[in-house]
Structure formats: C-alpha cells, structure tokens
Amino acid sequence: MAAVWMSVVEQADQKRTLQGTRRALPQAAAALSFSDNDYLGLSRHPQVAEIAIRAIRTSGTGARAARHLAGSCPEHSRLEKDLAVWKKTEAALVFPSGYQTPLGVIPSLVGPKDTVLLERNAHACLFDGARLSAARLRLFTRNDPASLEETLASSQKLNPGGKILLVAESLHSMEGDFVDLPTLMVLKKKFGAWLLLDEAHANGVIGPEGSGWAAEQGLTDQVDVQMGTLGKALGSSGGFVAASASVIDHFLNEARTFLFATAPAPAAMAAATKALHILRSTEGDTLRRRLQENIQFYLSLHPGPQPGPIQTRLLHSNQTVIAARDFLRAEGIEVAAIRPPTVPEGTARLRISLSCRHSEEEIRKLALALSRLHDA
C-alpha cells in the first residue's frame, strides 16, 4: 500500500516538473523585495513592533484556545471595536487568518438550497469557502455587467426560493484592478442578493483613513459583509469581517473556523490595532501618499493599465515566468512568479507589489531590469 501512495506522490511531482508548476520555498530571496503585500511598511514599524512585545508580556505568546473556551483577550476585543469604527459597521469579528475567514463565513450564510456567485478568477479561499457551503457555485466575469446580470437572472430562475450570495474582491490580488462597485450594488439590489466584499488588498491602501474601496466609492453602508485581512497593509496576521451586530453574532455562533480554531495570538491583535491607529492618523495619510507617488513613478517608467500597488507583466508560459523571476533574483530583485492554478492556464505572470517603503532608486532599478528581460 505504501508503494501505491508513493507512486501517486512521485507522479504528481513529475507532472508539476513537466508543466513548470513545481514550487519550492526560496532559500535565499533577493534583498530588494517587490513580492510581498506590506504596502505601507507597517510590519516593521517600530511602534507596531513595540506594542506586540508588550502584548506578549501581558497576555502571553498564544491565545490558548478558541475564544468560546478561553475567552477573549483584551487585545481581541479592542481590535474588533476599532475595526468596526474604521469600517463604519456595528461590529467586527477577527479570525486566525485571512484564508480561514471565508471558509467559515460563506458556509454560515448559504447552504445547499442557495447559490454563490463568484468571480471567475477569485482568490482560492473564496472558492474553497463556496465549495464548503455546498451551495450551487456559479461564475461571472469580473467587471462585466452583462455577464453578472445574466448569471444573477439565470440563478434566480433556476432556484427562485434560494438565497444568492455575491462575492467579489475590491482590489484583485492577481489582476490589480478595482471592481466596478456601483454596478455590483445596482444588480445586487435588483435581484435581492447579498454582497460579501473582500477588501483584503484595498484596506489601508485607498479610501478615507485607508478604509477601503467601498468607502472610497461612498458605498460602505450598502455592503452586507466587509471582509479583510490583517496580514497586508495592517502589517500583522489574521482576518476579519465587519457587518451589522446581528450578522457578526451569527458568525460567532456558526462560522466553524471561528468556533473551532485557536484564536489569533494577542501580540498579532495588538500589532494590528496599533497599525490601524497609524492608518487613521496623519502618518497614515503620508504613507498612502508616498505609496501613490511610487505607483505613479513606476507607471512613468513602465506604463500599465492598473492604478493600484499590484502591477503585472504577462509572460504566458510557466517556463518563461520562472526564467524571468530567476533573472531578476540574480539582479538582486525579488518578484513573484505566478503560475496556474493561481491564475488561469496561459496567463503566467510576474506580480509586482509596490510599497511606500520603496525608494525611487529601487523602483528605477526594477524598471530597468524588467526592460532587460527580453535580452536575458
């Protein structure tokens, strides 16, 4: 029996190698990173680090158990109150990770009699949450109103008694574009759907006090559930949802990844709280302005269609994008090589994450190296 299992493993490894999808953790990443999501550099902010250290001293290194068993640490409750104020909702709830958040939230909202409408190229955690719900999963093309309206209409016709949950990313993690939120709002109202908006990459980056794309569009009060992560612009780890008090109480009782997972570490919650305070301050405004200046400077050197911190360069084949990543790494620059299944077949790409911490000299170095790729 062991030989059978090893054969399965070896065959899968051979297939990955042949297709250019084999992954390994980098042992010596380049010093200059354009591959992470620390858009405002808060993961290494001295005040964020100091508050995390204090939390370890007062509340320990771990939360000890799920909150229904061990109770909430002061750091959990404080962060949830601040997140709700920031997101202009009645309440918020934190989860151990951004990935685990929709795995608990989506199945608690819909079931086998319902439908989840999801963007075709949505993040894996959203797909996994939809599948765990056992609801009918239907796909629509992002920023294509005709595709969305057609899918909503047919879903309602096929299952007139079921609920429809519409799920979208505000700033797409791999395409780098912002969703057409006003159109989503019009269509969700027309068909009586709920909207779960994943603001993971927009939080901190855009909107008043960095509160996200919905706030930037003046549509916060029309989003039923706002979802986010603490591990990107907030410089910590964990995930959260913000919504009405009754919906948050529902998640507290029904979301399995909240009920049965050990709560996030108090230090991570304290760090996120301090990062949130910085985001909402004049320093946060300065950091966002610097990020926008870096985006504009990069686009002046390497023009592209996306206005946000996520920039891409399509190289189509897996082998080509791996070679490009290795070339950049040899130049002292770390850029992520994105391949299927993260993106659709034939759309392998370099994913460039710009941050306020990058200097013009570093961005110029990246642009020059990218211009030399065809000679590598």
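Read on for a plain summary of the structure. (Residues numbered from 1 in each chain as written. Predicted model: local features only at pLDDT ≥ 70, side-chain atom pairs only at ≥ 80, totals over all residues. Heavy atoms only, no water.)

### Topic: the overall build of the protein
Then step 1. Along the protein, the regular secondary structure elements total 15 helices and 12 strands.
Then step 2. At 21 Å, the protein has a C-alpha radius of gyration in line with the 21 Å of a compact globule built from 376 residues.
Then step 3. Looking at the protein residue by residue over its 376 residues, the buried ones come to 53%.
Then step 4. Relative to all contacts within the protein whose residues are 6 or more apart in sequence, the contacts with residues 24 or more apart total 72%.
Then step 5. When the accessible surface of the protein is totalled, it reaches about 17,000 Å², and 54% of it is carbon and sulfur.
Then step 6. In the protein, 41 side chains carry a positive charge and 38 a negative one; their mean positions are 3 Å apart. (Helix = DSSP H or I, 4+ residues; strand = E, 2+ residues; numbered from the N terminus. Rg over C-alpha atoms; globule rule 2.2 N^0.38 Å. Buried < 20%, exposed > 50% of the residue type's maximum accessible area, 1.4 Å probe, protein only. Contact = heavy atoms within 4.5 Å. Areas by Shrake-Rupley, 256 points an atom, 1.4 Å probe, with all protein chains shown as cover. Lys, Arg positive; Asp, Glu negative; His and termini not counted. Charge placed at Lys NZ, Arg CZ, Asp CG, Glu CD.)

### Details of the nonpolar core
Then step 1. By size, the foremost hydrophobic cluster in this structure holds 80 residues, and its most contacted members are Phe 34, Leu 181 and Leu 350.
Then step 2. Of the residues forming this core, the biggest block, 10 residues, is contributed by helix H12 (residues 266–279).
Then step 3. With residues up to four places along the chain from it excluded, the contact list for Leu 181 reads Leu 195, Leu 197, Trp 213, Ala 214, Gln 217 and Leu 219.
Then step 4. Ala 91, Leu 196, Val 247 and Ala 255 belong to the second largest nonpolar core, which has 27 residues in total. (Core = buried A, V, L, I, M, F, W, Y, C linked by side-chain atoms within 4.5 Å.)

### Some details on the pattern of salt bridges
Then step 1. Evaluated as defined, the whole model comprises 18 salt bridges.
Then step 2. Close ionic contact of Lys 87 with Glu 199 constitutes a salt bridge, the shortest N to O distance being 3.8 Å. Residue Lys 87 is found in helix H4 (residues 74–87), and its partner Glu 199 is found in the loop between strand S6 (194–198) and helix H9 (213–216); the two are separated by 112 residues along the sequence. Just as Lys 87 is buried, Glu 199 falls in that class too.
Then step 3. Put simply, Arg 142 and Glu 119 hold a salt bridge, and the shortest N to O gap is 2.6 Å. Here Arg 142, found in the loop between strand S4 (136–140) and helix H7 (145–158), pairs with Glu 119, found in strand S3 (residues 115–119); they are 23 residues apart in sequence, far enough to count as distant. Note on accessibility: Arg 142 and Glu 119 belong to one class, buried.
Then step 4. One network of salt bridges, with partners in common, ties together Asp 13, Arg 16 and Arg 22. (Salt bridge = Lys/Arg side-chain N within 4 Å of Asp/Glu carboxyl O.)

### A few points about the sheet that holds strand S2 (residues 91–95)
Then step 1. One open sheet accounts for seven strands, arranged S2-S8-S7-S6-S5-S3-S4; its pairing is mixed. The two strands at the open ends of the sheet, each matched to only one other strand, are S2 and S4. Neighbour to neighbour, the strand axes of the sheet diverge by 20° on average, direction disregarded.
Then step 2. Across four bridges, strand S7 (residues 225–229) lies against strand S8 (residues 239–243) in antiparallel orientation. Note that in S8 the partner of Gln 226 across the bridge is Ala 242.
Then step 3. With respect to the sheet, H4 is in contact with S2, S7 and S8, its orientation differing from that of S2 by roughly 130°.
Then step 4. Strands S2, S3, strand S5 (164–169), S6, S7 and S8 of the sheet are contacted by helix H5 (residues 100–109), whose axis makes an angle of about 35° with S8. (Pairing = 2+ DSSP bridges. Axes fitted to C-alpha atoms, helices over the stretch in contact; angles between N-to-C directions.)

### A look at the packing of H7 against helix H8 (residues 181–191)
Then step 1. The geometry of H7 relative to H8 is characterised by a closest axis approach of 11 Å and an angle of 15° between their N-to-C directions. Accordingly, the angle class assigned to the pair H7 and H8 is roughly parallel. Seen along the crossing, H7 lies across H8 with a hand that is right-handed. Side by side, H7 and H8 meet where Pro 145, Leu 148, Glu 149, Leu 152, Ala 153 and Gln 156 of the first sit next to Thr 183, Leu 184, Leu 187, Lys 190 and Phe 191 of the second. (Parallel < 35°, antiparallel > 145°, perpendicular 65-115°, else oblique. Left-handed = near helix turned anticlockwise from the far one by under 90°.)

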